[in-house]
Number of protein chains: 2
Amino acid sequence: LSSEIHIPARISEKTQVTIHDVATRAGVAISSVSRVLSGHPDVSPSMNLRVKRAVHELGYEPDLLAQSLRRGATNTIGFIVRDISNPLFALIAQRCEQVLREAGYSMILINSDGEIKTETENFSLLRRRRVDGVIASLVSETSPKVKKAIENLRMPLVLLDREVAGLNAGAVICNHRQGVYEATKDLIDRGHQEIAFISGGKDVFVTRDRLRGFYDAFKEAKVPIPTHWIALGRFQADFAAAETHRLFTQNPRPTALMAGGIGSTAGALRGLRELKLKPGKDIAFVAIDEWLMFDVFASEYSSVFRDPVEIGEQSARLILDMLKGGQARQLVVETKFTPRKSSAGGLKIK
Amino acid sequence: LSSEIHIPARISEKTQVTIHDVATRAGVAISSVSRVLSGHPDVSPSMNLRVKRAVHELGYEPDLLAQSLRRGATNTIGFIVRDISNPLFALIAQRCEQVLREAGYSMILINSDGEIKTETENFSLLRRRRVDGVIASLVSETSPKVKKAIENLRMPLVLLDREVAGLNAGAVICNHRQGVYEATKDLIDRGHQEIAFISGGKDVFVTRDRLRGFYDAFKEAKVPIPTHWIALGRFQADFAAAETHRLFTQNPRPTALMAGGIGSTAGALRGLRELKLKPGKDIAFVAIDEWLMFDVFASEYSSVFRDPVEIGEQSARLILDMLKGGQARQLVVETKFTPRKSSAGGLKIK
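One structure accompanies this document, and this report is about it. Just so it is clear, the model here is predicted, and its values are computed rather than measured. (Residues numbered from 1 in each chain as written. Chains lettered and ligands numbered in written order. Predicted model: local features only at pLDDT ≥ 70, side-chain atom pairs only at ≥ 80, totals over all residues. Heavy atoms only, no water.)

Before going further, it helps to examine the overall build of chain A. When you go through chain A residue by residue, the secondary structure sums to 14 helices and 11 strands. Across chain A, the fraction of contacts at a sequence separation of at least 24, relative to all contacts at a separation of at least 6, is 71%. When the accessible area of chain A is evaluated, it comes to approximately 14,200 Å², of which 50% is carbon and sulfur surface. (Helix = DSSP H or I, 4+ residues; strand = E, 2+ residues; numbered from the N terminus. Contact = heavy atoms within 4.5 Å. Areas by Shrake-Rupley, 256 points an atom, 1.4 Å probe, with all protein chains shown as cover.)

Below, the structure written as structure tokens:
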């Protein structure tokens, strides 16, 4: 085979058994070993048996990278995560990996750490490392660099929570609008109008879709949208804490607060505590996204829930389908609003 | 170069620009391009310039895998995480990746999902994918399969929270003993003797080291060690919840509870809530490990803290040092006990 790869000695030292050893043991040519291992149809049963026996006896592990150069498949999926410190993403990745593993795929995870530059590099890295497909939650949807990296990817791609118009990619998106709409409607029904909304930037679908739900509830109730209480910027806790201080030290101040994302919720609650404003008493509060041990530590908080297990599972199933030649589709995972104690309060100060 | 790799056409379709294109553009032989890209010393300045200009003009990205076959280095570190759903590990991995990235290395993360079988496969996968080094938090330290996988690794390895006697590996371990010793001593000083201890299995260093601290405090105080209240098994919340039920429905029951790990803490607190036992009032409680938003949601809980940022940073620095030929060393990160409201209570039932 002209495509047989010569592996330099320096590498061979690292692995214990080489394809040469297998060929010697089986008493066949290296190209025959290669043909057996790559599942070439033109292999006699006795040849197949001799090689596989030698592989087994020597404990030979075919080199995945060399193999991938020959066959073009690595049975590995790359998962680019926007921010691994967000437990929601960790849970999505966990379930995704489980489903992929059951289907015979490994998953490698790369963290973009909230940085567009790192995200761009991560796409490049996965492409050059020859994964078979990529699942990604993006830092930004508007960055031209990321867009270019996606266009250059040329393998099945599933994006989490991103509208994919004009891109050849599958998507698993959550119906954030619906849950936030219900949560906002609930607050308006209780009598709130001055509702603050703190979340990440509008350059991601999540924020835009949540905001749609927020707006829709106000429009439907024919109540003016309190745009002066909307603070969008970053998902990090620091941003939300600072914005909570800025909004809730004004006079008059909002009577209710919705925080979008786990980081925003943490920051908002930290800010409220510093201002000695108690959710469920001094103000009404809704957390958008639940987190680890929510039932233990946050059982009094109203929430809009998106299920990370469902998102992870759907993402894995979609990319597996695309790897088999299936169409790039868009799947929707619903969100669920649950009112709890923290939705009470806030109105007596009006 | 006899080690030049012929890339089959099927693969070339995936990438836009090949080394052949660069050679044609630069008007040089492929082997010359290869020499320039691999930093071969025997390259003239004009050749260097011609090739690099062609690389730049064509936007050529050298194939990392083919490159790794030539050079033996991929500038990638593999991080095997015992359980990605544990936010502590996510934070360790996050910081580790940041430090590695600053040093020019990428990090890929693989989750063992609490399974020894997956962990063994992950070592094999990283070896075959040719990472330059591995950082790992192990599911089990006693599994012969994992031990064999480690022995076969043959590259720099840093283990988190594992004693590495007999292994050629670096380690970053926490001084769990000290923090748990102080927490236990504090409870004994308050008058507790019947202290329950729920945590994961003894097959990991973390548990053994915590238990040492627990035992030492009792020995020092000359109080009998309440071995009948020690429940070790799994780190998962379900286990801790069930054990909390088992221990705290006995009569007499323990007056205090220490839970080792975030999962154990979640399960223990869930169990106590179901039994209507309030930490800080009906029983004294100490959480071993803090978690995301601890300051917001768990500010009344006494804790033994290990700093994931410090652990991640030390792990990265150690493996970077080992990649440069440094010795495999053992680094120790201290833990810190902080008594809070939850340490009160429990004794009135005596």
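Attention now moves to the environment of Gly166(B). Residue and element names in this part refer to chain B. Along the chain, the position of Gly 166 falls in the loop between strand E4 (157–160) and strand E5 (170–175). Using a relative accessible area of 87% as the deciding quantity, one classes Gly 166 as exposed. For the pair Gly 166 and Ile 116, spaced 50 residues apart in sequence, the C-alpha to C-alpha distance is 20 Å. (Buried < 20%, exposed > 50% of the residue type's maximum accessible area, 1.4 Å probe, protein only.)

Residue and element names in this part refer to chain A. Where helix H2 (residues 19–26) contacts helix H4 (residues 45–58), the axes come no closer than 9 Å and their chain directions differ by 120 degrees. By the angle between their directions, the pair H2 and H4 is classed as oblique. Crossing of H2 against H4: the hand is right-handed. Within the contact between the two elements, H2 uses Asp 21, Val 22, Arg 25 and Ala 26 and H4 uses Arg 50, Val 51, Ala 54, Val 55, Glu 57 and Leu 58. (Axes fitted to C-alpha atoms, helices over the stretch in contact; angles between N-to-C directions. Parallel < 35°, antiparallel > 145°, perpendicular 65-115°, else oblique. Left-handed = near helix turned anticlockwise from the far one by under 90°.)

Looking now at unusual backbone geometry. Between Asn251(A) and Pro252(A) the backbone carries a cis peptide bond, its omega angle lying at 0 degrees. Following the sequence through the fold, Pro252(A) ends up in the loop between helix H11 (237–248) and strand E8 (256–260). Even without glycine at this site, Asp113(B) takes up a positive phi of about 55 degrees. In this structure, Asp113(B) sits in the loop between strand E2 (106–111) and helix H7 (116–128). The phi dihedral of Asp289(B) is positive, around 95 degrees, even though this residue is not glycine. Mapped onto the elements, Asp289(B) comes out in the loop between strand E9 (284–288) and helix H13 (294–297).

This part covers the nonpolar core. Formed by 110 residues in total, the largest nonpolar core has its most connected members in Phe79(A) and Phe79(B). Residues within four places of Phe79(B) in sequence aside, it is in contact with Ile92(B), Ala93(B), Cys96(B), Met107(B), Ile108(B), Leu109(B), Ile110(B), Leu126(B), Ile135(B) and Leu160(B). (Core = buried A, V, L, I, M, F, W, Y, C linked by side-chain atoms within 4.5 Å.)

Working definition: an aromatic ring pair is given by the centre-to-centre distance plus the angle between the planes. Residue and element names in this part refer to chain A. All told, the structure shown has 6 aromatic pairs over all chains when counted by the stated rule. Connected via pairs of aromatic rings, a cluster forms that spans Phe 197, Phe 214 and Phe 218. Over the ring of Tyr 181 we find Arg 177, and its NZ or CZ is 5.4 Å from the ring centre. (Phe/Tyr/Trp six-rings, centres within 6.5 Å; stacked < 30°, edge-to-face > 60°. Lys NZ or Arg CZ within 6 Å of the ring centre and 35° of its normal.)

A separate point is the environment of Asp289(A). Residues and elements named next belong to chain A. Note on Asp 289: relative accessible area 2%, which makes it buried. Residues Asp 289 and Asp 307 lie 18 residues apart in sequence; the distance between their C-alpha atoms is 8.9 Å. If near-sequence neighbours (up to four positions away) are discounted, Asp 289 is found in contact with Leu 88, Arg 210, Gly 261, Ile 262, Phe 294, Val 304 and Arg 306. Here the side chain of Asp 289 touches Arg 306 through a polar contact of 2.8 Å, side chain to side chain. (Polar contact = N/O pair within 3.5 Å; in protein donor to acceptor, adjacent residues only side chain to side chain.)

All names here are of chain B. Assignment of secondary structure puts Asn 75 in the loop between helix H5 (64–71) and strand E1 (76–81). Residue Asn 75 is classed as partly exposed on the basis of its relative accessible area, which comes to 37%. With 49 residues separating them in the primary sequence, Asn 75 and Ala 26 have C-alpha atoms 27 Å apart. Those residues in contact with Asn 75 that lie beyond four places of it in its chain are Gly 104, Tyr 105, Ser 106 and Asp 132.

Residues and elements named next belong to chain B. Remark: helix H3 (residues 30–37) packs on helix H4 (residues 45–58), axes separated minimally by 10 Å, with the N-to-C direction vectors making an angle of 90 degrees. Between H3 and H4, the angle is such that the two are roughly perpendicular. On the side of H3, the interface is formed by Ser 32, Val 33, Val 36 and Leu 37, while H4 contributes Met 47, Asn 48, Val 51, Lys 52 and Val 55. Looking at the contact of H3 with H4 residue by residue, the classes come out as 6 nonpolar, 2 polar and 1 charged. (Nonpolar A, V, L, I, M, F, W, Y, C, P; charged D, E, K, R; others polar.)

Inspection of every chain in the model, using the stated rule, returns 0 disulfides over all chains. The cysteine Cys96(A) is free of any disulfide, with Cys174(A) supplying the nearest cysteine sulfur at 13 Å. (Disulfide = S-S within 2.5 Å.)

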